[in-house]
Amino acid sequence: MNTAKEILLKLIEDIPENQIPEVIDFLGYLKMKNEKELYKDLEQASQSSMDFWDNDIDDEVWNDV
């Protein structure tokens, strides 16, 4: 049985040369989309950390430093 990558490689081998730029653009889009989702997850994690430190007690302590 073929793996997904083997199927993809076979499709790439069979695609007409003039359609390859479109495939490259689509793969670039998918990569960018995945990276954007990863960044979004990191941003949300960072925000939850900031919420933890954003409180009156810590503000008072840092004001006296």
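All of these numbers come straight from a predicted model, not from anything done at the bench. (Residues numbered from 1 in each chain as written. Predicted model: local features only at pLDDT ≥ 70, side-chain atom pairs only at ≥ 80, totals over all residues. Heavy atoms only, no water.)

**With respect to the overall build of the protein**
Quick note on the threshold: Helix and strand definitions here come from DSSP, where helices need a minimum of 4 consecutive H or I residues and strands a minimum of 2 consecutive E residues; each element is numbered from the N-terminal end. Atoms considered for the radius of gyration are the C-alpha atoms alone. The globule rule reads 2.2 Å times the number of residues to the power 0.38. Only protein chains enter the area calculation, which uses a 1.4 Å probe; residues under 20% of their type maximum are buried, those over 50% are exposed, and those in between are partly exposed. Under the convention used here, a 1.4 Å probe and the Shrake-Rupley method define accessible areas, while residue burial counts only the protein chains that appear. By the counting rule applied here, Lys and Arg register as positive and Asp and Glu as negative, while His and the ends of each chain are not counted. Each charge is placed at NZ for Lys, CZ for Arg, CG for Asp and CD for Glu.
Of regular secondary structure, the protein possesses three helices and zero strands. Put simply, the protein runs from its N terminus to its C terminus through helices and strands in the order α-α-α. At 23 Å, the protein has a C-alpha radius of gyration far larger than the 11 Å of a compact globule built from 65 residues. With the C-alpha coordinates aligned to their principal axes, the bounding extent of the protein is approximately 70 × 30 × 15 Å. Within the span of the protein, comprising 65 residues, buried residues form 2% of the whole. In the structure as shown, the protein presents an accessible area of about 6600 Å², 60% of it carried by carbon and sulfur atoms. With 6 positive and 17 negative side-chain charges, the protein shows a spacing of 14 Å between the two charge centroids.

**Details of the environment of Glu 37**
Topologically, Glu 37 is positioned in helix α2 (residues 20-53). When its relative accessible area of 42% is taken as the criterion, Glu 37 is described as partly exposed.

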